[in-house]
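Examining the three-dimensional arrangement
One-letter residues, chain by chain:
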Amino acid sequence: MMDRKDKAILMALQNDAGVTVGELAERIGLSKSACWRRIQNLEDAGVIGARVTLLNQQALGLNLTVFTAVRTHEHTRAWFDQFHDVTTAMPNVMEVHRMSGDVDYLMRAVVPDMKSYDDMYKELIGKVNLFDVSSSFSMVTIKYTTALPLDYL
């Protein structure tokens, strides 16, 4: 069961995973050792899955974000395994979601430019049998966050 202190730890780590245990403990009113134990417990429970550094997509020249809707007529385990293996091996594919409704899968990818997207598209359709692929290109990112909402805790 998580309490206010655990929630405060999670909120702080989502904003800056590089904060020291000492700084974090001071911020939320715990001793260093108590704060460290709570972090360890949250990691052991799987609540904290990883600590990462977020990179600036544009600063790296990855200027195009692509959302690709995929439809298939094949709904077999073999097809899914192939699609899974292909998409997870593609470094530009950031997310893949199996969807309800008219679209079977929704992908988010980042690429430097349209030619790079076309190359990625050709790789995808060359390796997986797809019925329909429809892509949309983000013109402006209005909101982007990796922080999960914790208000319900």
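For every chain, the first residue of its written sequence is number 1, and the numbers climb from 1 along that sequence. Where local features are concerned, this predicted model is filtered to residues with pLDDT of at least 70; where side-chain atom pairs are given and counted, the filter is 80 or more; whole-chain, interface and lining totals use all residues. Each side-chain value is worked out from all heavy atoms of the structure, with water and hydrogens disregarded.

Salt bridges are identified by distance alone: a Lys or Arg side-chain nitrogen within 4 Å of an Asp or Glu carboxyl oxygen. One pass over the structure, following the stated rule, counts nine salt bridges. Measuring nitrogen to oxygen at the nearest pair gives 3.3 Å for the salt bridge that ties R77 to D81. Here the residue R77 and the residue D81 both occupy positions in helix 4 (residues 77–89), the gap between them amounting to four residues, near one helical turn. Burial status follows relative accessibility: with a 1.4 Å probe on protein chains alone, a residue under 20% of its type maximum counts as buried, one over 50% as exposed, and anything between as partly exposed. R77 gets classed as exposed once you look at its relative accessible area, which sits at 62%. Taking relative accessible area as the criterion, D81 reaches 31% and is therefore assigned partly exposed. A salt bridge links D119 to K115; the nearest nitrogen and oxygen atoms lie 3.0 Å apart. With D119 and K115 both in helix 5 (residues 114–127), this residue pair falls four residues apart, about one helical turn. Here K115 falls in the exposed class, since its relative accessible area comes to 57%. Starting at the N terminus, helices and strands are each numbered in turn, a helix being any DSSP run of H or I of at least four residues and a strand any DSSP run of E of at least two.

This part covers the packing of aromatic side chains. We call Phe, Tyr and Trp rings a pair once their centres come within 6.5 Å, taking the six-membered ring for Trp, and we label the pair stacked below 30 degrees between planes, edge-to-face above 60, and tilted otherwise. Under the counting rule described, the total for this entry stands at six aromatic pairs. Seen in terms of ring centroids, F83 and Y105 are 4.6 Å apart; in terms of plane orientation they differ by 45°. Their pairing is tilted. With F83 in helix 4 and Y105 in strand 3 (residues 105–111), this residue pair connects regions lying 22 residues apart in the sequence. Like Y105, F83 is buried. Ring geometry for Y117 against Y121: centres 6.3 Å apart, planes inclined by 35°, an arrangement best described as tilted. Of the two residues, Y117 and Y121 both sit in helix 5, four residues apart, roughly one turn of that helix. What makes Y121 partly exposed here is its relative accessible area of 29%. An aromatic cluster is present here, built from W79, F80, F83 and Y105 joined pairwise through their rings.

So, on to the nonpolar core. Core analysis: the biggest nonpolar cluster contains 17 residues, and F83, M120, L124, V128 and L130 have the highest contact counts within it. Put simply, the parts of the chain that give this core at least two residues each are strand 1 (64–71), helix 4, strand 3 and helix 5. It is strand 3 that provides the largest number of residues to this core, a total of four residues. For L124, the contacting residues outside a window of four places in its chain are F83, V86, T87, M90, M107 and L130. Note on terminology: a nonpolar core comprises buried Ala, Val, Leu, Ile, Met, Phe, Trp, Tyr and Cys residues joined through side-chain atoms within 4.5 Å. Note on contacts: a residue pair qualifies if any of its non-hydrogen atoms lie within 4.5 Å across the two residues.

Moving on, we get to helix 1 (residues 4–15). Three- or four-residue spacings in an α-helix give side chains the same orientation, since the helix completes a turn every 3.6 residues. How far a helix is expected to stretch is found by multiplying one less than its residue total by 1.5 Å. The terminal C-alpha atoms of helix 1, which comprises 12 residues, lie 17 Å apart, in line with the 16 Å expected from a rise of 1.5 Å per residue. Within helix 1, the full set of buried residues consists of D6, K7, I9, L10, A12 and L13. Under the rule applied, a polar contact is a pair of N or O atoms within 3.5 Å (in protein, one hydrogen donor and one hydrogen acceptor; residues adjacent in sequence only if both atoms are side-chain atoms). The N-cap of helix 1, judged by a side-chain oxygen 3.1 Å from the amide nitrogen of K5 a few residues on, is D3.

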